[in-house]
Amino acid sequence: MSDQIKFIVDNLNKEPFRKNYNLITFDSLEPMQLLQVLNDVLAEIDPKQVVDIREEMPEQTAKRMLSLLGILKYKPPGNAADMSTFRQGLVIGSKPVIYPVLHWLLQRTNELKKRAYLARFLIKLEVPSEFLQDETVADTNKQYEDLMEAFKTLHKECEQLKISGFSTAEIRRDISAMEEEKDQLIKRVERLKKRVETVQNHQRMLKIARQLRVEKEREEFLAQQKQEQKNQLFHAVQRLQRIQNQLKSMRHAAADATPESLMKRLEEEIKFNSYMVTEKFPKELENKKKELHFLQKVVSEPAMGHSDLLELESKINEINTQINQLIEKKMMRNEPIEGKLSLYRQQASIISRKKEAKAEELQEAKEKLANLEREVSVKTSQTREYDGTEVLKGDEFKRYVSKLRSKSTVFKKKHQIIAEFKAEFGLLQRTEELLKQRHENIQHQLQTIEEKRGISGYSYTQEELERVSALKSEVDEMKGRTLDDMSEMVKKLNSLVSEKKSALAPIIKELRQLRQKCQEVRGLREECLQEESRYHYINCMIKNLEVQLRRATDEMKAYVSSDQQEKRKAIRQVILEQYTKNIAEQENLGKKLREKQKAVRESHGPNMKQAKMWHDFEQLMECKKQCFLKQQTQTSIGQDSSSCFRAIHYRSSWRMELHYE
């Protein structure tokens, strides 16, 4: 009990309760406070249970808690007679009742949350049969059941997705990657569309490509159907073989069977089955029930501490000592009648045990036989999938062995022929080596004879000449073939050009006519645009003239009118308009002059520099002229003048370069 209270206090101090209890404060809680703690734990499992029990009747609190505990499949310790005690303890807040409930709830909070959530949707409302006679109620009930089944399937799928390990981040990354791929594919399709639009008859080609894709999809569908039919045929063949084997076994069993043997076999099977049904299975069922009852009792009891275990161990030891004492007393009596009966009982128990052992061995043998048959069928199916062949049996296997023997004889013959060919190849290879050696010896002798006769290299030159002549003949033959191919290619190209010209001639005629029409249309369009612009210009001029005419009439009215004030006002208006017009013109003129002044200021320095350089250039040219005249008159100082002229020319060219830079 102390371990149980410690577990409860530790869990209540954690999230989401945060009660800050210790063992003393928790044990000193009042029944109402203890019920409130239980209600808080139930509210954490099912949010509908958030209630202040001080504002609720005790019977309603007990009913609400009992209904939720029933939904959560809580089984109170004890039998049916203790249920009233459990209900009463729950109403008054008894610690021996509340503590096990809290311990059970806090041990499996997450599991119970899930169970409470599912209970809201999966607890079926029982509708009386008389109400189901109404069609509307029956349809609504059926729809309710369908929705419940749909919720079950969706919840299972959700749980499987949670267990499968898919994370939202990975799914988002996959979605973003797929969107990028989609954008790339859209761009690629657009580029391909633009590229295809330039091709002639692209619509017809697209239609043909679409038909090709449809046919390929149809081909894949037919191939899939073919594979499915093959699988169905394979399974049908398997089933046929299995049935044939059963038929063979039954025929084989019935071949040498007599009615007496069949009856004997059936009687043995009936005895075995009746023994299994009447003796073995009821005993096993009774043992399983006892074990289940014992386990339920263990589960229903509260968790045991170390002190409880020690107490139970001491009780077990005491009971064992008592059993041993009773056995010793019984052996000391040693009555002869009981001894004989014990002998018969022992023999009967030995026989029954042997019978049970043989029955278990027979059952295990049958199960083993069934497993072996399943393994054989699996292995045969695997061999068919890998090789596409079936496992041979009986006569088929004998025929297969005879076929293998005939093939092995053929293989041996072929292998012998290959060995003969290899031996012949070795002989030919050796002959080739001997001939090569003889050829080298003859060549060496020929070279020595040529050196003696003074014509060394004659045989080599003759061989080279023969080789070159052979190469020349091959090249000439290739040239002839290439010339023929080129002439045929030229003829084909000429024929293609003539065909294309003949095919394009009517199109070119139509194109010329269309060009003439296009030129006429362009001319008419230009004339239309000119007339339209002239029309707009005339309309603008008419509007301006109307405004001027209106202004002139207004002025005339003002001048002619007898009212001096209006007359002065009109004159003032005219003068004001005239002056504003003059002011605007003067401002525009001043703006232009300021811009011109700015440009003159910016270009004044470079222009002055250029004028100075031009003046220097004129002086240099004048100096050149004078030097040239002096050169003509004074021949004695020609060299000096020429040097002076070169210096002046160099300086002038240097200044001109500076000017251009």
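For the structure itself, look to the data block above.
These lines cover the structure that appears in this document, whether it is placed above or below. Small disclaimer: the values here were computed from a predicted structure and weren't measured.

### Some points on the packing of aromatic side chains
Here's step 1: Per the counting criterion, the structure on display carries 8 aromatic pairs.
Here's step 2: Seen from their ring centres, Tyr117 and Phe121 are 5.3 Å apart, and the 70° between their planes marks the pair as edge-to-face. A residue pair is termed a helical-turn pair when its members lie 3 or 4 positions apart in one helix, as Tyr117 and Phe121 do in helix α7 (residues 109–122) at 4 residues.
Here's step 3: When the centroid spacing of 5.4 Å and the interplanar angle of 35° are considered together, the rings of Trp614 and Phe617 count as tilted. One end of the pair is Trp614 and the other is Phe617, both in helix α16 (residues 564–633) and 3 residues apart, which spans about a single turn.

### What to know about a nonpolar patch on the surface
Here's step 1: A cluster of nonpolar residues, Val127, Phe131, Leu132 and Val137, forms a patch on the protein surface that exposes about 290 Å² of accessible area.
Here's step 2: Along the chain, the position of Leu132 falls in the loop between α7 and α8 (135–164).

### Notes on the side chain of Thr109
Here's step 1: Within the secondary structure, Thr109 sits in helix α7.
Here's step 2: Look at Thr109 and you get buried, because its relative accessible area is 18%.
Here's step 3: A distance of 3.2 Å separates the side chain of Thr109 from the backbone oxygen of Leu105, its partner in a polar contact.

### Let's talk about helix α4 (residues 58–71)
Here's step 1: In this model, α4 (14 residues) spans 20 Å end to end at C-alpha, consistent with the 20 Å of a helix rising 1.5 Å per residue.
Here's step 2: Those residues of α4 lying buried are Thr61, Ala62, Arg64, Met65, Leu68 and Leu69. End-on, the buried residues of α4 take up no more than an arc of 165°, which puts them together on one face. Facing away from the buried side of α4 by more than 90 degrees, the exposed set consists of Glu59 and Lys63.
Here's step 3: Check the buried side of α4 and you find it contacts α3 (31–45), α5 (83–92) and α6 (95–107).
Here's step 4: Just downstream of α4 lies Lys73, where phi reads positive at about 65°.

### Let's talk about a positive patch on the surface
Here's step 1: A surface patch of like charges, here positive, comprises Lys187, Arg188, Arg191 and Arg195.
Here's step 2: Relative to the helices and strands, Lys187 resides in helix α9 (residues 168–197).
Here's step 3: Using a relative accessible area of 53% as the deciding quantity, one classes Lys187 as exposed.

Calculation notes
- Residues numbered from 1 in each chain as written.
- Predicted model: local features only at pLDDT ≥ 70, side-chain atom pairs only at ≥ 80, totals over all residues.
- Heavy atoms only, no water.
- Phe/Tyr/Trp six-rings, centres within 6.5 Å; stacked < 30°, edge-to-face > 60°.
- Helix = DSSP H or I, 4+ residues; strand = E, 2+ residues; numbered from the N terminus.
- Patch = residues over 30% accessible without salt bridge, like charges linked within 9 Å, V, L, I, M, F, W, Y side chains within 5 Å.
- Areas by Shrake-Rupley, 256 points an atom, 1.4 Å probe, with all protein chains shown as cover.
- Salt bridge = Lys/Arg side-chain N within 4 Å of Asp/Glu carboxyl O.
- Buried < 20%, exposed > 50% of the residue type's maximum accessible area, 1.4 Å probe, protein only.
- Polar contact = N/O pair within 3.5 Å; in protein donor to acceptor, adjacent residues only side chain to side chain.
- Expected span 1.5 Å × (residues − 1).
- Arc of directions from axis to C-beta.
- Contact = heavy atoms within 4.5 Å.
- Lys, Arg positive; Asp, Glu negative; His and termini not counted.
- Charge placed at Lys NZ, Arg CZ, Asp CG, Glu CD.

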